[in-house]
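# Residue-level structural notes
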Amino acid sequence: MTYETTIAPLDLDLTLSCGQTFRWHKEGDSWKGILGRRLIILRTRGRTLEVRSEPDDGDAVALVREHVRADDDIPRIQRRLASDPVLARGMRDVRGLRIVKTDEWECLVSFVLATYANIPRITRMVETLCTMFGDEVTEGVHAFPDIRRLGQASEKELAGCGLGYRAKYVGALSSCLTGGDIRRMRRLPFEDLRSELVGLPGVGNKVADCVALFGFGRLEAFPIDVWMARALKRLYGVGGTYKALHEFASDRFGEYAGYAQEYLYYNERLCGPRGECLFSKERADAVVRQD
DNA sequence: GCCCAGGAGTGTG
DNA sequence: CACACTCATGGG
């Protein structure tokens, strides 16, 4: 059964391949990923989004709409961010890039694994965890293991997944958190959520902001990794500590800082560290520096 | 072989 | 609070 829905603007390539989430891959013109306990297959045909699910599930469309934040008012968000002259130049080219809403636990573990690793390796580590510990939802496809299941894994088993020094963090997280903790954290104000996340093993400022943004859906979060730090220096001439850069971004981008971050991150991955394009390659010579 | 990765923890000044 | 060092490892 193929279900249809409309989410606009939406660019699956931009949204699912830029390091927000690590379990989607493209096969031909379709994107395959796992949401909850379903294999989801997506394909864009004109303005309609085709959704298939294995096993077949009438709620698949709802899962997908939540995952790509279908209710976000992109024109409104872009109008707000267009008050920044740097972003304003090319935002039209990334209208279809949406912030993703992922499962909080999967997001937390994924970004703890993401510390000091590149995206291909993160993808591999996450996939290994799922294969080793996650329930099979359809042939050859495994769900992300829940807290309880991962908590049953021994240190040796985790270390055997090629996680390196991150294995002990995953083990510690699995044993110090419960599903109840996650549900409680959903209701916390942003700063409280952030400080509680920072207190978790393997979670510093950057991971906390990623989990707040992609897991808990807090659009005011602004994660700063090495790419973002480079982008902020290159495009705005600002540097310094995480705290200083974070304050700069919060003042400048406000309640939609997360979208600003994703636009800038995408641009940096595409064009940096020496490139200048903002945002399509054709505009490589059109950047206005702000210093 | 070399460089770097969507960093965090710990110790020190 | 700000820096220096360490942590394991694979992908490009």
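Keep in mind it's a predicted model, so treat the numbers as computed, not measured.

### Re the side chain of Asp-84
With respect to the secondary-structure elements, Asp-84 resides in the loop between helix H3 (74-81) and helix H4 (85-88). The exposure class assigned to Asp-84 is buried, which follows from its relative accessible area of 2%. If sequence neighbours within four positions are ignored, Asp-84 has contacts with Tyr-236, Arg-252 and Phe-253.

### So, the nonpolar core
In terms of nonpolar packing, the biggest core is built from 77 residues, with Leu-81, Leu-87, Leu-197, Tyr-236 and Phe-253 touching the most fellow members. Excluding residues within four positions of it along the chain, Phe-253 makes contact with Arg-80, Leu-81, Asp-84, Leu-87, Phe-222, Tyr-236, Ala-260 and Leu-264. Listed in part, the 17 residues of the second largest apolar core include Leu-10, Val-51, Ala-60 and Ala-70.

### Brief notes about the protein's contact with DNA strand C
In the region of DNA strand C, the neighbouring residues are Tyr-116, Asn-118, Pro-120, Arg-121, Arg-124, Gly-164, Tyr-165, Arg-166 and Thr-241. Within 4 Å of the protein, the atoms of DNA strand C are drawn from sugar and phosphate moieties in a proportion of 70%. Separating a base oxygen of DNA strand C from a side-chain N or O atom of Arg-121 is a distance of 2.7 Å. Here the residues of the surface near DNA strand C sort into three nonpolar, three polar and three charged.

### Notes on the protein's contact with DNA strand B
In the region of DNA strand B, 30 residues are neighbours, and Gly-19, Ala-117, Asn-118, Ile-119 and Gln-261 sit closest. Close to the protein, within 4 Å, the atoms of DNA strand B are drawn from sugar and phosphate at a rate of 61%. One nitrogen or oxygen atom from the main chain of Lys-206 is found 3.4 Å from a phosphate oxygen belonging to DNA strand B. A distance of 3.4 Å separates a base nitrogen of DNA strand B from a polar atom in the side chain of Tyr-265. Secondary-structure elements contributing two or more residues to the surface near DNA strand B are helix H12 (205-215), helix H13 (226-236) and helix H15 (257-271). Of the residues contributing to the surface near DNA strand B, the split by class is 17 nonpolar, eight polar and five charged.

### Section: the environment of Val-137
Structurally, Val-137 can be placed in strand E6 (residues 136-138). Overall, the relative accessible area of 14% leaves Val-137 in the buried class. Remark: the alpha-carbon pair of Val-137 and Glu-54, spanning 83 residues in sequence, is separated by 7.8 Å. For Val-137, the contacting residues outside a window of four places in its chain are Arg-37, Leu-39, Pro-55, His-142 and Ala-143.

### Quick notes on the pairing of strand E3 (residues 30-35)
Of all six residues making up E3, five are buried, and the element is well covered by its neighbours. For strand E2 (residues 25-27) and E3, the ladder comprises three bridges, and the chain directions are antiparallel. In the strand pairing of E3, Lys-26 is matched with Trp-31. If you look at the hairpin formed by E2 and E3, you'll find two residues sitting between the two strands, and Gly-28 has a positive phi there, around 65°. Bridge analysis of E3 against strand E4 (residues 38-45) gives five bridges, and the strand direction is antiparallel. Paired with Ile-34 across the bridge in E4 is Leu-39.

### Here's the deal with the packing of helix H5 (residues 104-113) against helix H6 (residues 119-133)
Relative orientation of the contacting elements H5 and H6 amounts to 130°, with a least axis distance of 9 Å. Of the possible angle classes, the one that applies to H5 and H6 is oblique. Crossing handedness for the pair H5 and H6: right-handed. Mapping the contact onto sequence places Val-109, Ser-110 and Leu-113 in H5 and Ile-122, Met-125, Val-126 and Leu-129 in H6. Partitioned by chemical class, the residues of the contact of H5 with H6 number six nonpolar, one polar and no charged.

The rules we used
- Residues numbered from 1 in each chain as written.
- Chains lettered and ligands numbered in written order.
- Predicted model: local features only at pLDDT ≥ 70, side-chain atom pairs only at ≥ 80, totals over all residues.
- Heavy atoms only, no water.
- Helix = DSSP H or I, 4+ residues; strand = E, 2+ residues; numbered from the N terminus.
- Buried < 20%, exposed > 50% of the residue type's maximum accessible area, 1.4 Å probe, protein only.
- Contact = heavy atoms within 4.5 Å.
- Core = buried A, V, L, I, M, F, W, Y, C linked by side-chain atoms within 4.5 Å.
- Near = heavy atom within 4 Å.
- Polar contact = N/O pair within 3.5 Å; in protein donor to acceptor, adjacent residues only side chain to side chain.
- Nonpolar A, V, L, I, M, F, W, Y, C, P; charged D, E, K, R; others polar.
- Pairing = 2+ DSSP bridges.
- Axes fitted to C-alpha atoms, helices over the stretch in contact; angles between N-to-C directions.
- Parallel < 35°, antiparallel > 145°, perpendicular 65-115°, else oblique.
- Left-handed = near helix turned anticlockwise from the far one by under 90°.

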